Amino acid sequence: MPEPVPAAKPEGEESGSTELTGLFVEKPPDNVVAVTGTDIIFIAKVDSSKLTRKPTMKWLKGKWLDLGSKAGKHMQFKETYDRNTKVYTYEMKIIKVVPGDAGGYRCEVTSKDKCDSCTFEISVEAAQQEQQVDILSAFKRADAGEDEGDLDFSALLKAAKKKKPQKQEEQIDVWELLKSAHPSEYESIAFKYGITDLRGMLKRLKKMKTVEPKHTEAFLKKLESCYSVDKGKKIVLMCEVVDPTVQVKWLKNGQEIKPSAKYIMESDGNIRRLTINKTNLADDAAYECVVGEDKSFTEVFVKEPPVTITKLMDDYHVVVGERVEFEIEVSEEGAHVMWFFEDVELHKDKDSKFRFKKDGKKHTLIIQEATLDDIGMYHAWTNGGHTKGELEVEEKELEVLQDIADLTVKATDQAMFKCEVSDDKVTGKWFKDGVEVLPSERIKMTHIGRFHRLIIDEVKPEDAGDYTFVPDGYALSLSAKLNFLEIKIDYVPRQDPPKIHLDTTGNMVSQNTIIVVAGNKLRLDVEISGEPAPTVVWSKGDKAITESEGRVRVESRKDLSCFVIEGAEREDEGNYTICVNNPAGEDKAVLFVKIVDVPDPPESVKCTSVGEDCATITWEPPKFDGGVPVKGYLMERKKKGSSRWTKLNFDVYESTTYEAKRMIEGVLYEMRVFAVNSIGMSQPSLNSKPFMPIAPTSEPTRLVVHDVTDSTCTLKWLAPEKIGAGGLDGYIIEYCKEGDTEWVVANKDLCERQGYVVRGLPVGEKINFRVVAVNIAGHSAPATLAQPVTIREIVEYPKIRLPRELRTKYVRKVGEKINLTIPFQGKPRPVANWYKDGQPIDPKMVNVRTTNVDSIFFIRSAEREHSGKYELVLQIENMEDRAAIEIRIVDKPGPPVNVKVTDVWGFNAALEWEVPKDDGNSEITGYTIQKADLKTKEWFTVYEHNRRTNCTCSDLIMGNEYMFRVYSANYCGLSEDPSFSKNTAVIAKTGLEIKRSPFKEKDMACMPKFTRPLVNRSVVAGYSTAISCAVRGFPKPKIVWMKNKMIIGEDPKFLMQNNQGVLTLNIRKPSTFDGGKYSCMAVNDLGKDEVECKLDVRIATDPDKEKK
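Here the structure is a predicted model, which is why all the values come from computation and not from measurement.

Trainee: Help me understand the overall build of the protein, please; the structure alone is not making it clear to me.
Mentor: Regarding its fold elements, the protein presents five helices and 88 strands. Residues counted as buried form 39% of the 1108 residues belonging to the protein. Contacts spanning at least 24 positions in sequence make up 63% of the contacts within the protein whose residues lie at least 6 apart. If you sum the accessible surface of the protein, you get close to 65,200 Å²; carbon and sulfur atoms cover 49% of it.

Below is the structure:
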């Protein structure tokens, strides 16, 4: 596969000129030298003008390591696009180069089926002043998250930093130590000298070694130089040894591997295998196979799959001091997540205000107490995904929930000022006439939760004045007035008419109106005067209020009448009358109590329009404003599915139309609105229907004219480069005459294809065309042709482009379908006519359909009569073109004619026949001949594919009479029926004389010989037994049985049998007396033979008696 080629240059230097090949416009120099600690940039430029898809760029180190997964503070990648030149620019920036960055790199670009690549080398040189000091620092991990593994000596390095400085020791060259050390000692050297990136040093050490490779005699085939495997997969390391019986050892980073469920070692003949199951990052190491003194080395690279983000980050809108938790979910547990504030990576330090939490797949960034410095965008990165969330922090605003009320008290009474604020942690000070009030035995100040109280016992005239409460840290003050009521005593008794003395400085906004906040308590103290003491009656409308207990009540004291409403409600609003009378007269006052409340929620919240990152929201004012004009509104939004709402404004917004900004395109949002009046904030409105910020697409690209006629113009284009979350619904095509400004829409419905024929255009006019892409967000910018198009058809000579397979004879079988497409060209549209053998074709036999660019010739089921020469004539005015097609429809042939047997001799018969009358409109390719015996009448094939009209049938059986039949064959196969021979072939019998060979009788005489001897036996007395043997001999020998050399006579105890030479002696219930030597002798005229055996008869014993 070809490989991509980026261009690279160190920062501050110009890249050298390079040869341009393939897809690249610019690629980096082959060798770049960088200084430790400096930044370096590599640039690759790709020309996309001839590409159908956006190219994809990969930056690789070595053979396998994809640097895209290492993006972070050390490596950064950037991509830009120039629409004018159609050139993509890719940049890779290495920040603060370290020696570990040295090596070979590769960048490859792919686009559909095209690919290109480039390789380049980076060499790292240490700065002169740090040449001796920092040679090891390049191999100390700066971030374990980028290259986690077993080799983590960070704790050792931290401990080393705490040690007191000692006198400088002699410098030791670690490179020389590693060169001369055994691989098993690498880890101990790394531990001793604080090297954490041991693998990086080993790679460089491998390049530094110039020793000739030692020839090995133990391995036929060594391990591959390196292996690559995905995390969690299985990998097999395999090598081949010379000796199939030799034992091998496997080492990992110099340490021997023991067999286990993870490491499986196999031996199969000369092949040795090491299987590593369920690989993880700890298996990314160097491995060895050791046979005696010979070794085979390899490296295993474990590729971690990309970790995607499954739950995106929410936005936060908080006030100073609140806790913030940015939470995401990733696809794998234990994944590494990098957190950034703007462009700065966040780390877990002791003094840092940021805390990081991991819980399975959940990762959380916690800010304990948010400040104004924390405002900004927060990012979470994995090696396969990215999400961001915005944090907005506002200053705290202290709300006054209950203001201080003016008080009027008499001497020796208690005065209590009370207020309630929104924050229970706020402290404050009390002032009287600008002078701070200090606590004493008579004056007490309390702070319980959100309530602050100033209590003055035994009020004196000097206590009267203006009292103010000032919360600490806020530019806010609450003031009220303390009025001292003097009691005048008239020493001269007299009658005074009753009088109502109303205090108009408290809750009254006018002489007869009192405003009360819903839910608050109304206590109206009305001073009454008159002698004698008057009678007081409170009433609402016509109903008198007489209750002295309850929510609405009247409390009476001397010279004072108190009207109390606990927890005021809207129904309590109305006119209240207080009437006082005594014998001296009557007084009356009417008060209007107005109950005010927070407004109802706004109604009909909906999204009317959206943009790429904004949306316009409208709503209707609340039906009830709470009795106080609505000051404005507060808006909140959230992502659909989330439970966290984000405030959009802290200052009230007066209009009922709001444009929400800074949203993410393609994400569903919901909105809600609060109404605010002077009393407070309403409940939230119903959530709006979910809406998605989307933007129109970019303009269509590469608009061109494909064809022009006298009344039409065919346009073609490519899809917009940027489509976005709103997708693409279709296109609108517009045109206007040159010089006009009014554009006419050519298509009523959206065009979904990337091409359209505009019809009904005036001939000869110059017309401008443009195409607009449409999606749910609206219309894109138009793509316009650079020049107007003249509507006039260009005459093109008619030309038939006959397919290659139709230039020769076109053969089809009967019943098959014929479907021929003949393309042609010509303008204006040519007239196509078909002819068969010089005559117009019959439309009942052949179907023809002609379009602008081709003519289709169709026969549903071919017949023999469809054969012939067809001609297509293409005409444009007086110009024409012709093309001929010869079609032949073939069928199976008829049977041969006049089959007969012309001659018979020996075992042979000669046949002849004539060609069939009907060849099926195809050449006869051969004949099949079969024969049958008149006795069985079973047919057997004699010849197949016989091309002549005669044949000879051989190997016929004498005495049989044969008949024959012949099939003819062509392109379609054998004929349906055969043709039988008119006569038969008789194979006559001829006289034969049998010559018998003389018979010579074989001499079978032989002396007796035992083929199976007698066998010694031991039997139990009382149980019948038998002994046997086998003998052969001719003439049949005489058999004699003997016991102890005495012939056994006609004793009924013995039964002698002879069955085909098998001799058996049966002994019936033998006793100990029958034991001895038994022999059998066979005798005939030619000699004798004898065999013997020993028979031992033992007495049976009772096992029970033996135990006793």
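Trainee: Before we go on, may I ask you to explain the nonpolar core in this structure?
Mentor: Nonpolar side chains tend toward joint burial in soluble globular proteins. Within the largest apolar cluster, 25 residues are counted, with the highest numbers of intra-cluster contacts made by Phe 42, Met 57, Trp 59, Met 92, Ile 94, Tyr 105 and Phe 120. Counting only elements with at least two residues in this core, the list comes to strand E3 (31–35), strand E4 (40–47), strand E5 (56–61), strand E8 (87–94), strand E9 (103–111) and strand E10 (114–125).

Trainee: When you look at the state of the cysteines in this model, what are you seeing that I'm missing?
Mentor: Every disulfide links exactly two cysteines, by a covalent bond between their sulfur atoms. Enumeration according to the criterion identifies zero disulfides in this entry. Note on Cys 107: no disulfide assigned, nearest cysteine sulfur contributed by Cys 118 at a separation of 5.0 Å. What makes Cys 107 buried here is its relative accessible area of 0%. Residue Cys 118 is classed as buried on the basis of its relative accessible area, which comes to 7%.

Trainee: Explanation requested: the sheet that holds strand E20 (residues 309–311) in the structure shown.
Mentor: Pairing between the strands of a sheet is mediated by backbone hydrogen bonds and can be parallel or antiparallel. In spatial order, the strands read E20-E22-E26-E25; together these four strands make up an open sheet with antiparallel pairing. The two strands at the open ends of the sheet, each matched to only one other strand, are E20 and strand E25 (354–359). For this sheet the average axis-to-axis angle between neighbouring strands, irrespective of direction, equals 30 degrees. For E25 and strand E26 (residues 362–367), the ladder comprises six bridges, and the chain directions are antiparallel. Counterpart to Lys 357 in the pairing with E26 is Thr 364.

Trainee: Is there a simple way to think about the pattern of salt bridges in this case?
Mentor: Side-chain pairing between opposite charges can occur once the charged atoms of the two side chains come close. One pass over the structure, following the stated rule, counts 38 salt bridges. Put simply, Glu 566 and Lys 521 hold a salt bridge, and the shortest N to O gap is 3.4 Å. Remark: Lys 521 occurs in the loop between strand E39 (513–517) and strand E40 (522–531) and Glu 566 occurs in the loop between strand E44 (560–565) and strand E45 (574–582); sequence separation between them is 45 residues. Taking relative accessible area as the criterion, Lys 521 reaches 46% and is therefore assigned partly exposed.

Trainee: When you look at a positive patch on the surface in this model, what are you seeing that I'm missing?
Mentor: Together, Lys 799, Arg 801, Arg 804 and Arg 807 give the surface a local cluster of positive charge. Among the secondary structure elements, Arg 801 is positioned in the loop between strand E62 (796–800) and strand E63 (810–813).

Trainee: In this structure, what is going on with the sheet that holds strand E72 (residues 908–914)? I would like to understand it.
Mentor: Read across the sheet, three strands follow the order E71-E72-E75 without closing on themselves; strand pairing throughout is antiparallel. The two strands at the open ends of the sheet, each matched to only one other strand, are strand E71 (897–905) and strand E75 (950–953). Neighbour to neighbour, the strand axes of the sheet diverge by 20 degrees on average, direction disregarded. Inspection of the sheet shows E71 paired to E72 by six bridges, in the antiparallel sense. Along E72, the bridge assignment pairs Asp 903 with Ala 910.

Trainee: I tried to follow a negative patch on the surface on my own but got confused; where do I start?
Mentor: Residues Glu 394, Glu 395, Glu 397, Glu 399 and Asp 651 make up a contiguous surface patch of negative charge. Mapped onto the elements, Glu 399 comes out in the loop between strand E28 (385–394) and strand E29 (400–402).

Trainee: What is the right way to read the pairing of strand E34 (residues 443–448) from this model?
Mentor: Each regular strand displays side chains that alternate between the two surfaces of the sheet. Inspection of the sheet shows E34 paired to strand E35 (residues 451–456) by six bridges, in the antiparallel sense. Counterpart to Thr 446 in the pairing with E35 is Arg 453.

Trainee: Could you clarify how one ought to interpret the environment of Tyr 378 in this entry?
Mentor: Residue placement: Tyr 378 occurs in strand E27 (residues 376–382). For Tyr 378, a relative accessible area of 0% gives the class buried. Distance from Tyr 378 to Asp 315, taken between C-alpha atoms, is 9.3 Å for residues 63 residues apart in sequence. Leaving out residues up to four positions away in the same chain, Tyr 378 has contacts with Met 313, Phe 326, Phe 340, Phe 341, Leu 346, Phe 354, Leu 365, Ile 367, Thr 387, Lys 388, Gly 389 and Leu 391. Among the polar contacts made by the side chain of Tyr 378, one reaches the main-chain carbonyl oxygen of Asp 374 at a distance of 2.9 Å.

Trainee: Explanation requested: the environment of Ser 954 in the structure shown.
Mentor: Mapped onto the fold, Ser 954 is located in the loop between E75 and strand E76 (961–970). Given a relative accessible area of 34%, Ser 954 falls into the partly exposed group. The spatial distance from the C-alpha of Ser 954 to the C-alpha of Asn 908 is 4.4 Å, given a sequence separation of 46 residues. Polar side-chain contacts of Ser 954 include one of 3.2 Å to the side chain of Asn 908.

Trainee: Teacher, can you tell me more about the packing of aromatic side chains here?
Mentor: How two aromatic rings sit relative to each other is given by the distance of their centres and the angle of their planes. Taken as a whole and assessed by the stated rule, the structure comprises 22 aromatic pairs. Geometrically, the ring pair formed by Tyr 653 and Tyr 658 is edge-to-face, given 5.1 Å between the ring centres and 85 degrees between the ring planes. Geometrically, the ring pair formed by Phe 857 and Tyr 870 is edge-to-face, given 5.0 Å between the ring centres and 70 degrees between the ring planes. You can see Phe 857 sitting in strand E68 (residues 854–859) and its partner Tyr 870 sitting in strand E69 (residues 868–876), a full 13 residues away along the chain. A residue is classified by how much of its surface remains accessible, and Phe 857, at 0% relative accessible area, is buried. Connected via pairs of aromatic rings, a cluster forms that spans Tyr 316, Phe 326, Phe 341, Phe 354 and Tyr 378. For the cation-ring pair, Lys 813 lies above Tyr 971, with the distance from its terminal atom to the ring centre recorded as 5.5 Å.

Trainee: Would you mind going over the pairing of E8 with me for this structure?
Mentor: Most of E8 sits out of view: six of its eight residues are buried. Pairing analysis gives eight bridges linking E4 to E8, with the strands arranged antiparallel. Across the sheet, Ala 44 pairs through a bridge with Tyr 90, a residue of E8. Here strand E7 (residues 75–82) runs beside E8; their pairing, made up of eight bridges, is antiparallel. If you follow Glu 79 over to E8, its bridge partner there is Tyr 90. The antiparallel hairpin formed by E7 and E8 contains four residues in its connecting segment, where Lys 86 sits at a positive phi of about 60 degrees.

Conventions adopted
For every chain, the first residue of the written sequence is number 1, and numbering continues from 1 along that sequence. In view of the model being predicted, local features appear only for residues whose pLDDT reaches at least 70, and side-chain atom pairs are presented and counted only at 80 or more, with totals across whole chains, interfaces and linings using the full set of residues. Hydrogens and water molecules were not included; the side-chain quantities draw on all heavy atoms of the structure. Only runs of H or I of at least four residues qualify as helices and only runs of E of at least two qualify as strands under DSSP, and these elements are numbered from the N terminus. Relative accessibility under 20% of the residue-type maximum defines a buried residue, over 50% an exposed one, and the middle range a partly exposed one, all with a 1.4 Å probe and only protein chains included. Every residue pair with non-hydrogen atoms within 4.5 Å of one another is taken to be in contact. With residues, only the protein chains shown are counted as cover, and all accessible areas are computed by Shrake-Rupley using a 1.4 Å probe. Nine residue types can take part in a nonpolar core, namely buried Ala, Val, Leu, Ile, Met, Phe, Trp, Tyr and Cys, and a core is a set of them joined through side-chain atoms within 4.5 Å. A pair of sulfur atoms, both from cysteines and within 2.5 Å, is called a disulfide here. One bridge is not enough; two strands pair if DSSP finds at least two bridges between them. Every axis corresponds to a line fitted to the C-alpha atoms, with the helix fit spanning only the stretch in contact, and the corresponding angles, defined between N-to-C directions, vary from 0 to 180 degrees. When a carboxyl oxygen of Asp or Glu lies within 4 Å of a side-chain nitrogen of Lys or Arg, that pair is called a salt bridge. Each patch is built from residues lacking any salt bridge and having more than 30% relative accessible area; the joining distance is 9 Å for like charges and 5 Å for nonpolar side chains (Val, Leu, Ile, Met, Phe, Trp, Tyr). As used throughout, the charge tally considers Lys and Arg to be positive and Asp and Glu to be negative, leaving His and the chain termini uncounted. Here the site of a charge means NZ on Lys, CZ on Arg, CG on Asp, or CD on Glu. Polar contact is defined as a pair of N or O atoms within 3.5 Å, subject to the rule that within protein one atom must be able to donate a hydrogen and the other to accept it, and that residues adjacent in sequence are counted only when both atoms are side-chain atoms. Aromatic rings from Phe, Tyr and Trp, with only the six-membered ring used for Trp, were paired whenever their centres fell within 6.5 Å, and each pair was classed as stacked if the ring planes differed by under 30 degrees, edge-to-face if by over 60, and tilted otherwise. Note on criteria: charge over ring means Lys NZ or Arg CZ within 6 Å of the ring centre, with the direction from the centre no more than 35 degrees off the ring normal.

Worth remembering: the numbers are spatial, not functional.
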